[in-house]
Every structure is written in structure tokens, then in C-alpha cells.
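Next come the chains, spelled out residue by residue.
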Amino acid sequence: MMVIRTDFHLHSPMYFFLFHLAVVDICYATTVVPKMLVNFLVKGSITIAVNACMTQMFFIFLSAGSEVFMLSVMAYDRYVAICNPLKYQEAMSKHFCYQLVGSAWAMGLLYSVLNTIPVLNIQFCGHTEIKHFSCELPPLLSAACSGTFLSKLILLFSAVIFGSSSFLLTLISYIYIIATILKIQSAEGRHKAFSTCSSHFIVVGLLYVTALFQYTKPKSVSSIILDQVLSTQYSILTPMLNPIIYSLKNKDMKTALGRILKKLQFV
């Protein structure tokens, strides 16, 4: 984030969206990591109070919903850059970029509200803690003693609608991107075009594969430990890996970082 802000060479739509993806990742990680560290270092147990669950769950849903749509926005940006390069500056205006980012956050907020409000009416009948370091809806609902059908139904439909829409937007963008890259005659040109979106492709794959397995795995392979490992993957490791993936596989980012380090040496 510091590199993107301080180096004017990176003041383009691609890095503007990458900056906001980093903001989402920070929001995601700071929602989960502090409580996890308290459990590991102070309490010595992996539990979270039901009362503390609601606020954390709201921000987890907000971050998750915003991230998948932010990745869709980034996929669209790469689509315009590769498939319509001559119209890129006109199509991806500063005003339009702000609208895309605002829409991603708005969709995340809507997804969070839809899944958080129904849980407020659920009774837990003496259950004050759940065995998880973060508050996710499936383990929370398993501790409920009142009807959870509405919450499960909303979770299912919202996950299908929001998840499939963001995934389809990303998928369609990449279908056009790959088709355009395959039409490029020179191997160097294909490699250059693919390198601009390979980092994004890796990040999308990590997020969707892990989250999909977490919420669609059969009960026969479900366990508290497995749920915690998968949750760690997409709520902690993925946000940490995103900046590394984009930095190591991006020539402009590495060049900009080098310029900043050289300036610091002369300060």
C-alpha cells in the first residue's frame, strides 16, 4: 500500500484496485487475528464467546463479500486492458474506478447485513462459547437451540447469488482475456499479456477453491480441526499471501519498491 501511494508510476486503475484489495485484506485479518492471538497466547484455548461473535461475524461477511467483488472488478480491469487497450484510459476513468470500488464495498455490506440480522433472533440456550477462533456462521448455528432454518436458507441463497455472480463476472472476463491472448502472434506478447493477470488468477484460485470446499464439503469429512485449518487458509493466510504474490510476480511493483529503497538509503 505504501509503494502504490508513494510511487506515481503506480497511479493507474490496476494498482488503485490492488490498493483497495489490500484494504479489504487488512480488514479481514484484523477482524480475526487479534482474537486468535488472545486465545492462543493468553487463554490457551480456541473458543470465542457467542456475544462477541456477532460483531466479528458482521465484519467477516463484509470483508469476504467485498473481496470477491473486488476481485471481479480487478478481472474486469484486466479484460479492458488486454481486450480493448486503445479504449482503456477512456473506459477506466477515475470516476468509474471509484464507482466500481464503491459497488464492491456496497455488495459486501449487503451480504453482511443479510446474513447477520437473522442470527440476532436465534436463541443459544446456555451456550456461551463456540469452539472456533473466529465467528463463522456454520459453527455458530450448530450451537443454537432454536430454529436456524431461516439463517441457513439466507446463507445458502446469498452465497449462491453473491458467490456465483462474482464468480461468473470473473470467469467471463478471463474467458475473453484468454481468447485474446491466444490470438497474439508472438510468444513474447502472449507472455507479457498473461503476466499482467497471472497474479490475480492465482489469488482468485486460492480464495474460491478453499472457500468452496469449506462450505460444500460433506459432513463425513467435517471436523472442528479441519474447519479451523480451512478458515485459517482463507481468512489469514490468503490476505497475507496476496501482497507477496502481487509483489513477486509484478515487475512494476518490484521496480517501484527498488526506487523507494534507493531513496531511503540517501535519507
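Asker: Help me understand the overall build of the protein chain in this model?
Answerer: On a plain count of helices and strands, the protein chain comes out with 10 helices and two strands. The buried share of the protein chain, reckoned over its 267 residues, is 42%. Pairs at least 24 residues apart make up 77% of the contacts formed inside the protein chain by residues separated by at least 6 positions. Roughly 14700 Å² of accessible area belongs to the protein chain as shown, and the carbon and sulfur atoms make up 71% of that amount.

Asker: What exactly am I supposed to notice about the packing of aromatic side chains here?
Answerer: Given two aromatic rings, their pairing is described by the distance between the two centres and the angle made by the two planes. On inspection of all chains with the given rule, the structure shows nine aromatic pairs. Seen in terms of ring centroids, Tyr 111 and Phe 162 are 5.3 Å apart; in terms of plane orientation they differ by 55°. Their pairing is tilted. Linking Tyr 111 in helix H5 (residues 94-116) with Phe 162 in helix H7 (residues 149-183), this pair joins segments that are 51 residues apart in sequence. Looking at Phe 162, the relative accessible area reads 9%, which means it is buried. Three or more aromatic residues link up through ring pairs in this structure, and these residues are Phe 61, Phe 69, Tyr 111 and Phe 162.

Asker: When you look at H7 in this model, what are you seeing that I'm missing?
Answerer: Each α-helix winds once per 3.6 residues, and so residues spaced three or four apart point in a common direction. In a regular helix each residue adds 1.5 Å, so 35 residues correspond to 51 Å; H7 covers 50 Å between its end C-alpha atoms and thus fits that length. For H7, the set of buried residues is Ser 151, Leu 155, Ser 158, Phe 162, Ser 166, Thr 170, Ser 173, Tyr 174, Ile 177 and Ile 181.

Asker: For this particular structure, what's the right way to read the nonpolar core?
Answerer: In this structure, Phe 17, Met 57, Leu 137 and Leu 140 are the most contacted members of the largest nonpolar core, which totals 39 residues. Every element with two or more residues in this core is listed here: helix H2 (13-43), helix H3 (50-83), H5, helix H6 (137-142), H7 and helix H8 (187-216). The leading source of residues in this core is H3, at 12 residues. Sequence-distant contacts of Leu 137, defined by excluding residues within four places in its chain, comprise Met 57, Phe 61, Asn 115, Val 119, Ser 151 and Leu 155. One finds Ile 82, Ile 177, Ile 181 and Cys 197 within the second-largest nonpolar core, a separate group that totals seven residues.

Asker: Mind showing me how you'd approach the packing of H5 against H7 here?
Answerer: When two helices pack together, their arrangement is given by the angle between the helix axes and the distance between those axes. Viewed as axis vectors pointing N to C, H5 and H7 meet at an angle of 165°, and their least axial separation amounts to 9 Å. When the interaxial angle is binned, H5 and H7 end up roughly antiparallel. Pair H5 / H7 crosses with right-handed handedness. Contacts from Met 107, Leu 110, Tyr 111, Leu 114 and Asn 115 in H5 reach Ile 154, Leu 155, Ser 158, Ala 159 and Phe 162 in H7. When its residues are assigned to classes, the contact of H5 with H7 shows eight nonpolar, two polar and no charged.

Asker: I keep staring at the side chain of His 20 and nothing clicks. Help me out?
Answerer: Summarising the element assignment, His 20 is placed in helix H2. Residue class for His 20 comes out buried when judged on its relative accessible area of 16%.

Asker: For this particular structure, what's the right way to read H3?
Answerer: The terminal C-alpha atoms of H3 lie 49 Å apart, and with 34 residues this matches the ideal 50 Å at 1.5 Å per residue to within 8%. Within H3, the axis deviates most sharply at Gln 56, by approximately 25°. Within H3, 24 of the 34 residues are buried, which leaves the element mostly enclosed by the surrounding structure.

Asker: What is the right way to read the side chain of Ser 63 from this model?
Answerer: By the element assignment, Ser 63 lies in helix H3. Classification of Ser 63 as buried rests on a relative accessible area of 0%. Residues contacting Ser 63, with those up to four places away along its chain left out, are Val 24, Cys 27 and Tyr 28.

So, how was this worked out
- Residues numbered from 1 in each chain as written.
- Predicted model: local features only at pLDDT ≥ 70, side-chain atom pairs only at ≥ 80, totals over all residues.
- Heavy atoms only, no water.
- Helix = DSSP H or I, 4+ residues; strand = E, 2+ residues; numbered from the N terminus.
- Buried < 20%, exposed > 50% of the residue type's maximum accessible area, 1.4 Å probe, protein only.
- Contact = heavy atoms within 4.5 Å.
- Areas by Shrake-Rupley, 256 points an atom, 1.4 Å probe, with all protein chains shown as cover.
- Phe/Tyr/Trp six-rings, centres within 6.5 Å; stacked < 30°, edge-to-face > 60°.
- Expected span 1.5 Å × (residues − 1).
- Core = buried A, V, L, I, M, F, W, Y, C linked by side-chain atoms within 4.5 Å.
- Axes fitted to C-alpha atoms, helices over the stretch in contact; angles between N-to-C directions.
- Parallel < 35°, antiparallel > 145°, perpendicular 65-115°, else oblique.
- Left-handed = near helix turned anticlockwise from the far one by under 90°.
- Nonpolar A, V, L, I, M, F, W, Y, C, P; charged D, E, K, R; others polar.
- Bend = angle between axes of the 7 residues up to and from the residue.

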